[in-house]
Number of protein chains: 2
Amino acid sequence: MTRQRDAVRDALGTAEAFRSAQELHDQLRHQGISVGLTTVYRHLQQLADTGEVDVVRTANGEAVYRRCAAQDHHHHLVCRSCGRSVELSADEVEDWADRIAQTHGFSAVTHTVEMFGVCADCAAAPERIQD
Amino acid sequence: MTRQRDAVRDALGTAEAFRSAQELHDQLRHQGISVGLTTVYRHLQQLADTGEVDVVRTANGEAVYRRCAAQDHHHHLVCRSCGRSVELSADEVEDWADRIAQTHGFSAVTHTVEMFGVCADCAAAPERIQD
DNA sequence: TTATCTGCAAACATTTTGCAGCGAG
DNA sequence: CTCGCTGCAAAATGTTTGCAGATAA
C-alpha cells in the first residue's frame, strides 16, 4: 500500500535468485530508491508470513528470499554461484516423508529439502564463482 | 587431546538430541566443568569439520549439534519439543536428488533434508512442548 | 485528522577474532 | 622451552525493537 512496500516487492521482482535482505536493500539504493534497511526486513517478514515469498537459510545462517511462481509447497535447486534457483515439486519425496514420519510415530511433521549446486552457466564460467 | 576438547565431546555424548553451543556450555558449567564459551564454539566447529558431529540450522538461524551414530551421509527427523532425533537413510531421496540435479544441468550438488515434527512421547505430554 | 508506516539509533543474539597468559609435550 | 590451547573482552554479523516524525487514507 505504500511506496516502500511496493519497492520491496518489485526488488524481489520475478528474478529466479534468492537474495538477502541486505542485498535487496543495496539494490534499491543503487536504483536511487531510498528505503530503510529496517523497512526491507519488515516487509520481507510480512511477505514471508503470507507465503508470498519463500525463505531459505543459507549455511551461515543468513536468510535469503525469493518470490516463487508456485504458491504451494515445493523445494529448490539453488546455484551456489549466481543464486539462481529452480522450483521443484517432488511427490516422490513427499510420499517418502509422510511414510517416514508415520513409521516413527511423529505428528505435525514438516520438512525442508534444499539442493545446492553449480548451474551449467556458472560451471562454464568458473571465474564468476563467488560464494 | 585436552581436557576441554574431551569435555565438549562428552557433553554431546550419545544423546539423541540436537543442542546449541550455548546449551552445551550451560550443561558443562552445571556439571562443574569450567570451559569457555569460545572454546565450546571452537571445538564444535572442529568436530563438525571432521564430520564427527552433525549441524542443523533451526528456523531462527541457530546452529544445533549432535553426535550421530552414522558417520556417512544421512538425514534427521527431529522432535520440535524435546529435540530428540532419528537418523534416516534414504536411498529413495538420494536417487531423486541425483536425477533432478542431472536434469537441470547442475554439478557439485549437495542437499539438505531435515524433518521436524512432534514425537509420540511429546504428543502424549503436550505440556512439555516448549519451542 | 488519525492511525499506520518509516527509518534512525540502539538493543539483541549468535558467532568470530585479538591477544595475553596457561599448559601440555 | 616452545607452541598450541584457552578464555576473556571486544568486534562482527544479521536481525529486531523503541520511538519520534513522516505519510497515507
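Given the structure is predicted, the values throughout are model-derived calculations rather than measurements.

Asker: Explain helix α4 (residues 91-103) of chain B here, please?
Answerer: Given 3.6 residues to a turn, an α-helix orients residues that are three or four positions apart in the same direction. Residue and element names in this part refer to chain B. Taking 1.5 Å of rise per residue, 13 residues should cover 18 Å, and α4 covers 18 Å from first to last C-alpha, within 8% of that figure. Among all positions of α4, only Val93, Glu94, Trp96, Ala97, Ile100 and Ala101 are buried. Around the axis of α4, the buried residues are gathered within 165° of arc, so they sit on the same side. Exposed residues on α4 whose side chains face more than 90 degrees from its buried face are Asp91, Asp98, Gln102 and Thr103. Remark: Gly105 follows α4 within two positions and exhibits a positive phi of approximately 70°.

Asker: Explain the pattern of salt bridges here, please?
Answerer: Opposite charge on two side chains permits pairing when their charged atoms draw close. Considering all chains together, one arrives at eight salt bridges over all chains under this definition. For Glu92 of chain B, the salt bridge identified is with Arg99 of chain A, shortest N-O distance 3.1 Å. Taken together, the residues Glu92 of chain B in helix α4 and Arg99 of chain A in helix α4 (residues 91-103) connect one chain to another. Given the relative accessible area of 33%, Glu92 of chain B is considered partly exposed. For Arg9 of chain B, the salt bridge identified is with Glu52 of chain B, shortest N-O distance 1.9 Å. In this pair, Arg9 of chain B sits in helix α1 (residues 3-12) while Glu52 of chain B sits in the loop between α3 (37-49) and β2 (54-57), placing the two residues 43 residues apart along the sequence. Among the residues examined, Arg9 of chain B registers a relative accessible area of 25% and is labelled partly exposed. Accessibility expressed as a relative area gives 19% for Glu52 of chain B, which makes it buried.

Asker: Help me out: how do you make sense of the protein's contact with DNA strand C in this one?
Answerer: Around DNA strand C, the surrounding shell holds 17 residues, and the nearest of these are Thr2, Gly36, Thr39 and Arg42 of chain A together with Tyr41 of chain B. Sugar and phosphate atoms represent 61% of those atoms of DNA strand C found within 4 Å of the protein. One nitrogen or oxygen atom from the side chain of Gln22 of chain B is found 3.4 Å from a phosphate oxygen belonging to DNA strand C. Contacts to DNA strand C include Gln45 of chain B, whose side-chain N or O atom sits 3.3 Å from a phosphate oxygen. Secondary-structure elements contributing two or more residues to the surface near DNA strand C are α1 (3-12) and α3 (37-49) of chain A together with α3 of chain B. For the surface near DNA strand C, the residue count by class is three nonpolar, 10 polar and four charged.

So, how was this worked out
Residues numbered from 1 in each chain as written. Chains lettered and ligands numbered in written order. Predicted model: local features only at pLDDT ≥ 70, side-chain atom pairs only at ≥ 80, totals over all residues. Heavy atoms only, no water. Helix = DSSP H or I, 4+ residues; strand = E, 2+ residues; numbered from the N terminus. Expected span 1.5 Å × (residues − 1). Buried < 20%, exposed > 50% of the residue type's maximum accessible area, 1.4 Å probe, protein only. Arc of directions from axis to C-beta. Salt bridge = Lys/Arg side-chain N within 4 Å of Asp/Glu carboxyl O. Near = heavy atom within 4 Å. Polar contact = N/O pair within 3.5 Å; in protein donor to acceptor, adjacent residues only side chain to side chain. Nonpolar A, V, L, I, M, F, W, Y, C, P; charged D, E, K, R; others polar.

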